[in-house]
2 protein chains.
Amino acid sequence: MRIIIDGFGGDNAPGEILLGCAQAVEELGVDITVAGDKDKLLACAKEKGVEAAFHKMEVLHCPDVLAMEDEPGSVLKEKSESSMAAGLRAVAQGQGEAFASAGNSGALTVGATMIVKRIKGVKRVAFAPVLPSAQGFFMISDAGANVECRPEMLLQFGLMGSIYMEQVMGVKSPRVGLVNVGTESHKGDPLRQNAYGLLKDCPGLNFVGNIEPRDIPYGHCDVVVADGFTGNTVLKLYEGTALAIVGMVKDIFKKSAKNKLAAAMIYGDLQGLKKTMDYNTYGGAAILGAAKPVFKMHGNAKAPAVKNALRLVRDCTQSRYVDKMRDALAGGSAGENEQE
Amino acid sequence: MRIIIDGFGGDNAPGEILLGCAQAVEELGVDITVAGDKDKLLACAKEKGVEAAFHKMEVLHCPDVLAMEDEPGSVLKEKSESSMAAGLRAVAQGQGEAFASAGNSGALTVGATMIVKRIKGVKRVAFAPVLPSAQGFFMISDAGANVECRPEMLLQFGLMGSIYMEQVMGVKSPRVGLVNVGTESHKGDPLRQNAYGLLKDCPGLNFVGNIEPRDIPYGHCDVVVADGFTGNTVLKLYEGTALAIVGMVKDIFKKSAKNKLAAAMIYGDLQGLKKTMDYNTYGGAAILGAAKPVFKMHGNAKAPAVKNALRLVRDCTQSRYVDKMRDALAGGSAGENEQE
C-alpha cells in the first residue's frame, strides 16, 4: 500500500513529517510518497539523519507550499502547485491509495471535495476527528467543514461517522447522537428538529437521540453529529478546556517543594491521564465522504504522532471503509460531481 | 430593598432555598418575599430550624409548582399559579425590586419576557451566566434563551453583556468577543459575518473581534457573544469537560494509599482550584434585557450558593444596571411590548 503525504503541511514540517515517515517506512510495512520540494526534502532528511529511510520513499516534486493562513480555495487556484494540491491530485489519479496532511484543514476539505471528489450520493464531506473521552473515544462529524447545513447533510454525517467507527475503530453498532440544547426530540431549531427525524428513521443506524454537550466528555455516544459550526465549537472548546484545567493542575504541582514531591508520587498516573486525554492518540481526522481516504493530522503533530497517523491511515485504508460508504449511500440523490 | 424569590424552583427546593434566604435575611440587609405554598414553606422552615428567620420574610402564597420538565410556555398558562409565575408578576407590579429562581430556565426566560416585559428597544432577552475562567470570570450572552438569532440580536447581547459586566461585575471597558470558527472578520456563516460588522461599528463597545472557543477558558474576553444554540453548547460543554477532568484527577488521588497521601499534601491548593472553577462562585445568570432584575440561580444551588446569589442580586439591583441598559438602548426600533 502506498500512502501519499504532504511534506510541507503543519507547524513542524518538513522535519517532523519526514522523521515520522522514516519510522513508518521502517516499521509499518507501507510505501510512502512525500509531496514537496525535492531539494529541500533531501536537505532536511540529511539534517535529521534519516537519509537512508528517505531514499526508500518516493518524492512527488512540487515547488510551492500552502500555508495555514492561505484561503481554503487557494488549493484549486494560486496554490495548485503546492504539496497539498499535488498530493491530492496524485491520490485522485491512483498514484497512491490514501493522502494525509497536517496542513490547512479548510484547504484539505476543499481539495478533498473538488480534486479527490466525493463518493456518489454524498452531499458534503465531513471533517471528522476522533477524540479521547473519559471512557474511550468518540468522533465529531462534522467538526468544521460546513458552517451551514441542511438536515439531510446531518443525516449523512451520522451515517458516514457510524460506518467509519464500526469499520475502522472497531466499535460495534456505534451510538450516534445529535448535539442539541436538550434531549427531547422537539428541542432546538428547525435544523435539529428535522435532522432528528431523519436520523431516527434511518435503517441500520443506532441513533440514541439528542446529546447535551455536557455529556460528550463522558463518552455517551460514539458519533457526535453536528453542523460544522457547532462541531468546530465543540472540538475547540473541548481541547481548550482540557488544556486549561490540566495547566491549572500542573501549576499547583509546581507551586512548592512539597507539591513537587506530591507530583512525583503520582507521576505515573498523571502521565496515564495525559496520554488518555492526548488528542494525538487517535491520529487525527478523516475527511468523510471523499472518494479516497483523505486524512488530516493534527497541525502540531510531531514524529510519533505522524507515525501513529500513518498506521491509522494504513489500517483504515485496508478496512475499505470508503467502499462501504459507497455501498451504503448508493441510490442517494446527489452525484459525485455535484457542485454547490 | 426587597427581593422576591421562587421558593419552589430548583433541585433542592424548598429546603436549601429557605436556608439560604434565612442567612440572607440575617446577614445581607435585604428584605425577602418567598413565593410558594405557605403551609409547606412554614413546615419546611420548622424542619430546617429557621422558623425565626422565616417570620422575618413575607410569603407570596401560591399553590402550584412549575417543574424542570414543564414546557417553558406553561409559565403563562397551566402553571400561571406557580411560585415562579406569581413571583414574576409580583416583581412586574413593583412588590419587590428583583426576582430570583433556581427553577426551569426556559420558563424563567419566557416569564421575564412576557410578564416582567423587556426594556424598550430590546429585541430578545439573553440568558447570561457568569462563569469562572483560568484568569477570573467571563459572561456568555446568550447562553440559551434564543436558539435562532438575527445579527442585531447578537449586537444587543454584546451591548447588554458589556453594561452588566461593567456596572455589576466591576470590569472596566469589558472586552466583547464573538464566538466563531476563526478570528478573521470574514469567518463563519452570514449571521456571524453580519454580527461582526454591527459589533465592530457600535460606539462605546470594546469589541475585540472573533474569539475561537479554545481561547474562552483562558479568559481572552469578558463577554462571549453567541446565538443561544452556540452559547448553550459552550456553557454545557465547558461545565461538562471541567467536571470530567476534575473527576479523572480525583480518581487518580483515590487509587492507592500513596496517591491519597499525595492528595493530602496538596489538599489546600486543590480546594483552591475547585473553588476557582466552581460555577456557583458567581451566583448564576442574569436574564439581560428584562425591565426588572431577574436572576437564574444554578438548579442545584444549596444554601450558601443561594445566599451568594442573593448578595449578587442585591448588589446589581443597587447598581441600577437595568436603568443603564434602558439609557443605552433608548431610540431602539423595537418597543417594550413587542411580541415575537
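Scroll up for the structure.
Residues numbered from 1 in each chain as written. Chains lettered and ligands numbered in written order. Predicted model: local features only at pLDDT ≥ 70, side-chain atom pairs only at ≥ 80, totals over all residues. Heavy atoms only, no water.

Draft legend 1. Seen up close, the nonpolar core. Core analysis: the biggest nonpolar cluster contains 98 residues, and A:Leu88, A:Val294, B:Leu88 and B:Val294 have the highest contact counts within it. The contact partners of A:Leu88, leaving out residues within four places of it in the chain, are A:Val75, A:Phe99, A:Leu108, A:Gly111, A:Ala112, A:Ile115, A:Val116 and A:Val294. Ranked by size, the runner-up nonpolar core spans 72 residues in total, among them A:Ile32, A:Leu159, A:Tyr196 and A:Tyr321. (Core = buried A, V, L, I, M, F, W, Y, C linked by side-chain atoms within 4.5 Å. Buried < 20%, exposed > 50% of the residue type's maximum accessible area, 1.4 Å probe, protein only. Contact = heavy atoms within 4.5 Å.)

Draft legend 2. A look at the relation of the copies chain B and chain A. Least-squares fitting of chain B to chain A yields an RMSD of 0.0 Å, with the superposition described by an axial translation of 0.0 Å and a rotation of 180°. What we have between these two chains is a two-fold relation. Considering only C-alpha atoms, the part of chain B nearest the rotation axis is B:Ala262, at 2.2 Å. Same-surface contact between copies: 98% of interface residues of chain B are shared with the interface of chain A. (Least-squares fit on C-alpha atoms with pLDDT ≥ 70 in both.)

Draft legend 3. Looking closely at the pattern of salt bridges. The full count for this structure, using the stated rule, is 32 salt bridges over all chains. One salt bridge connects B:Asp189 with B:Arg192, and the closest N-O pair in it is separated by 2.9 Å. For B:Asp189, a relative accessible area of 10% translates into the label buried. Residue classification places B:Arg192 among the buried positions, given a relative accessible area of 5%. Because the salt bridges share partners, they merge into one network encompassing A:Asp189, A:Arg192 and A:Asp227. (Salt bridge = Lys/Arg side-chain N within 4 Å of Asp/Glu carboxyl O.)

Draft legend 4. Representation of the interface of chain B and chain A in the model. Taken together, the contacts link 49 residues of chain B with 48 residues of chain A. Summed over the shared surface of chain B and chain A, the result is twelve residue pairs in polar contact (both at pLDDT 80 or more). Contributing elements (two or more residues each) for the side of chain B that touches chain A: helix H7 (190-200), helix H8 (228-254), helix H9 (257-265) and helix H10 (267-276) of chain B. Ranked by residue count, the leading element in the side of chain B that touches chain A is H8(B), at 20 residues. Its residues assigned to classes, the side of chain B that touches chain A shows 29 nonpolar, nine polar and eleven charged. (Polar contact = N/O pair within 3.5 Å; in protein donor to acceptor, adjacent residues only side chain to side chain. Helix = DSSP H or I, 4+ residues; strand = E, 2+ residues; numbered from the N terminus. Nonpolar A, V, L, I, M, F, W, Y, C, P; charged D, E, K, R; others polar.)

Draft legend 5. Inspection of unusual backbone geometry at higher detail. For the peptide bond that leads from A:Ala13 to A:Pro14, omega is -5°, which places it in the cis range. By the element assignment, A:Pro14 lies in the loop between strand E1 (2-6) and helix H1 (15-27). Phi is positive for B:Arg320, close to 55°, though the residue is something other than glycine. One can find B:Arg320 in the loop between helix H11 (303-318) and helix H12 (321-329).

Draft legend 6. Inspection of the side chain of B:Ser83 at higher detail. Structurally, B:Ser83 is set in helix H4 (residues 83-92). With sequence-adjacent residues up to four places away left out, B:Ser83 is seen in contact with B:Asp6, B:Phe8, B:Ala35, B:Gly36, B:Cys62, B:Asp64 and B:Phe99.

Draft legend 7. Layout of the sheet that holds strand E1 (residues 2-6) of chain B. Residues and elements named next belong to chain B. Taking strand neighbours across the sheet as the criterion, the eleven strands line up as E3-E2-E1-E4-E11-E10-E5-E6-E9-E7-E8 in an open arrangement whose pairing is mixed. Looking at the sheet topology across the chains shown, the edges are occupied by strand E3 (58-61) and strand E8 (207-211). Going from strand to strand, the sheet's axes swing by 25° on average, the running direction of each strand aside. In this sheet, strand E9 (residues 223-225) lies alongside strand E6 (residues 137-141) in parallel orientation, the contact comprising three bridges. When the sheet's bridge partners are listed, Met139 is paired in E9 with Val223. Docked against the sheet, H8 engages strand E5 (126-132), E6 and strand E7 (176-179), running at close to 25° with respect to E5. (Pairing = 2+ DSSP bridges. Axes fitted to C-alpha atoms, helices over the stretch in contact; angles between N-to-C directions.)

Draft legend 8. Seen up close, helix H5 (residues 105-116) of chain B. All names here are of chain B. The complete set of buried residues in H5 reads Ala107, Leu108, Thr109, Gly111, Ala112, Thr113, Ile115 and Val116. For H5, the elements touching its buried residues are H4, strand E4 (98-101), E5, strand E10 (285-288) and strand E11 (294-296). Its side-chain oxygen placed 3.1 Å from the backbone nitrogen of Gly106, Asn104 serves as the N-cap of H5. Looking one or two places after H5, you find Lys117, whose phi comes out positive at around 75°.

Draft legend 9. Structural view of the pairing of E1(B). All names here are of chain B. For E1, the tally of buried residues reaches five of five residues, placing the bulk of the element in the interior. Of the two faces of E1, the one lined by Arg2, Ile4 and Asp6 and the one lined by Ile3 and Ile5 are each fully buried. Relative to strand E2 (residues 31-36), E1 is paired through five bridges, and the arrangement is parallel. In the strand pairing of E2, Arg2 is matched with Asp31. Handedness of the crossover joining E1 and E2 through helix H1 (residues 15-27) is recorded here as right-handed. Here three bridges tie E1 to E4, and the two strands are oriented parallel to one another. Residue Ile4 lies in a different strand from E4, and its bridge partner there is Phe99. (Right-handed = clockwise from strand over helix to strand, strands pointing away.)

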